[in-house]
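# A structural walkthrough
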Number of protein chains: 2
Amino acid sequence: MKLSTRGKYGLYAMYYLAQHSGEGPQPLQDIATIGVPKLYLEQLLGNLRREGLISSVRGAQGGYQLARDASEITLLDIVDAMEGPIELSECTSDESACDKSCSCPVRWVWQQVSDSINNELKKIRLSDMLNKPCESEEPTCE
Amino acid sequence: MKLSTRGKYGLYAMYYLAQHSGEGPQPLQDIATIGVPKLYLEQLLGNLRREGLISSVRGAQGGYQLARDASEITLLDIVDAMEGPIELSECTSDESACDKSCSCPVRWVWQQVSDSINNELKKIRLSDMLNKPCESEEPTCE
DNA sequence: CGGAAATCCGATAAAAACAGTCGGGTTTTC
DNA sequence: GAAAACCCGACTGTTTTTATCGGATTTCCG
C-alpha cells in the first residue's frame, strides 16, 4: 500500500507554499524547485486549486498561494485532493460475495480502517510541519 | 487513496478460510465462490502462502487452510502480504528535494501516518470478523 | 498402476492508472 | 503590446493491475 507521487508532490508543493505564505503569489517556476517536473506540477496545482486549498493569481507577477491559513489545512485535505477520497471498501458491488452473511464483516472492517486513517490524517495540519523543530540528526532523506 | 482488489480479494479469501477452519483444506474451486476469478485467486493464494499466512495441501482432496489460528492473524498481515508494506514516504531518493531543510518534515509526516495506519491494521484480527454479531440492519453491500 | 483432483508456476495479454509532455489559449502587468 | 504567468485538454510512454493460459507436479484412491 502506497500513495502515488501525486500525494508526495502535492504535499511538497503545499509545504513550499506554507513556507512562503505572506510573500504574495509564488510562480510555478519557483515552486518547481522542490524537484517536481514543472509541467506535471502545473496539473497538480490545478487539482489543489479546484479543491479550494490554494488560490491562483493569473497574469504577470501571478502565482499560487494558500487559500487559507496553514493551520486550517490538514493532511487529509491534501491527500483527498490529490488522490481522491479513501475508499478501501465499496465491496465488489455485485451481490454474490456479500449477501450470504448479514451485513458483510469484510465491509465493516474496511470501514473501521478507513475511519482510522481519515482521523489520523485530519490530526496533522500543514502548520505542524512549519513548527516542527529540527531535532533529528540525519540531514538528508534516504 | 484506495487499495487494489488484491487487498479486498485477499481478505475475502482469508475470511472464507477462517469460517471453514477445522474443516480440512478448502479447494480453490470452493473459495472462488466468494466472487473472485478462480485463476486470479490462485495467484493471490500463492502470495498468502509464501507469506506464511496459509498452508496448502497438494493433490486430490487438497486445498488451502489457515496456517495459524484466526486470532493470530491481523489485518496488517493480510494487507502486507497482498500489497506489500506500507510505503508512503521513501522520499524522491534524489536529494534535490530534501537536503535544503534539516531532516525534511515531509518525510516526518509520512512516517507518522504510516505508523498510525500500521497500528490500526494490527489491532484488527481475523477472528474479530468471525465474532462480530449481526447487529446491523442492511443485508447487502452497497 | 493409472486416472482424477488438485496445487504450482512462469509466460503472456489486455486494460487501467500513472507520470509527464505539448500546444495553444487566456489573463494581467508594466 | 509584449512578456509573464496561469489554464486546459489532448496526447504519449511506462508501469501496475488484473487477469488468463498451458503445462508441470503432487497426491489420493480405487
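Below or above, wherever it landed, is the structure these notes cover. The model shown is predicted, which means the values in this text are computed figures rather than measured ones. (Residues numbered from 1 in each chain as written. Chains lettered and ligands numbered in written order. Predicted model: local features only at pLDDT ≥ 70, side-chain atom pairs only at ≥ 80, totals over all residues. Heavy atoms only, no water.)

### Observations regarding the overall build of chain A
Helix and strand counts for chain A stand at 6 helices and 2 strands. Starting at the N terminus and walking to the C terminus, you meet the elements of chain A as α-α-α-β-β-α-α-α. Expressed as a percentage of the 142 residues in chain A, the buried residues total 46%. Of all intrachain contacts in chain A linking residues separated by at least 6 positions in sequence, the fraction that spans at least 24 positions is 63%. (Helix = DSSP H or I, 4+ residues; strand = E, 2+ residues; numbered from the N terminus. Buried < 20%, exposed > 50% of the residue type's maximum accessible area, 1.4 Å probe, protein only. Contact = heavy atoms within 4.5 Å.)

### Quick word on the pairing of strand β1 (residues 54–57) of chain A
All names here are of chain A. The sheet contact formed by β1 and strand β2 (residues 63–66) spans 4 bridges and is antiparallel. Residue pairing in the sheet places Ile54 in a bridge with Leu66 of β2. Here β1 folds back onto β2, and the loop between the two strands holds 5 residues, one of which, Gly59, carries a positive phi near 85°. (Pairing = 2+ DSSP bridges.)

### Structural notes on unusual backbone geometry
Residue and element names in this part refer to chain A. Unlike most non-glycine residues, Gln61 shows phi in positive territory, near 65°. Here Gln61 is to be found in the loop between β1 and β2. Here Gln61 falls in the exposed class, since its relative accessible area comes to 71%.

### Quick look at the pattern of salt bridges
The final tally for this structure, using the stated rule, is 6 salt bridges over all chains. Of the charged contacts, one joins Lys123 of chain A and Glu120 of chain A as a salt bridge, the two residues approaching to 3.1 Å between their closest N and O atoms. Linking Lys123 of chain A with Glu120 of chain A, this pair stays in helix α5 (residues 105–123), spanning 3 residues, or about one helical turn. Judged by relative accessible area, which is 56%, Lys123 of chain A ranks as exposed. In this structure, Asp128 of chain B engages Arg125 of chain B in a salt bridge whose closest nitrogen and oxygen atoms are separated by 3.5 Å. Residue Arg125 of chain B is classed as partly exposed on the basis of its relative accessible area, which comes to 36%. (Salt bridge = Lys/Arg side-chain N within 4 Å of Asp/Glu carboxyl O.)

### Remarks on helix α5 (residues 105–123) of chain B
Between its first and last C-alpha, α5 of chain B extends 27 Å over 19 residues, near the 27 Å set by a 1.5 Å rise per residue. Of the residues making up α5 of chain B, those classed as buried are Pro105, Val106, Val109, Trp110, Val113, Ser114, Ser116, Ile117, Glu120 and Leu121 of chain B. Packing partners of the buried residues in α5 of chain B comprise α1 (5–19), α4 (75–83), α5 and α6 (126–131) of chain A together with α4 (75–83) of chain B. (Expected span 1.5 Å × (residues − 1).)

### A closer look at the packing of α4 of chain B against α5 of chain B
Residues and elements named next belong to chain B. Closest axis-to-axis distance for the α4/α5 pair is 6 Å, and the angle between their directions is 120°. As far as their axial angle goes, α5 and α4 are oblique. Facing Leu75, Leu76 and Val79 of α4, the residues of α5 in contact are Asn118, Leu121 and Lys122. Residues belonging to the contact of α4 with α5 are distributed by class as follows: 4 nonpolar, 1 polar and 1 charged. (Axes fitted to C-alpha atoms, helices over the stretch in contact; angles between N-to-C directions. Parallel < 35°, antiparallel > 145°, perpendicular 65-115°, else oblique. Nonpolar A, V, L, I, M, F, W, Y, C, P; charged D, E, K, R; others polar.)

Everything listed is a geometric property; what it means functionally is a separate question.
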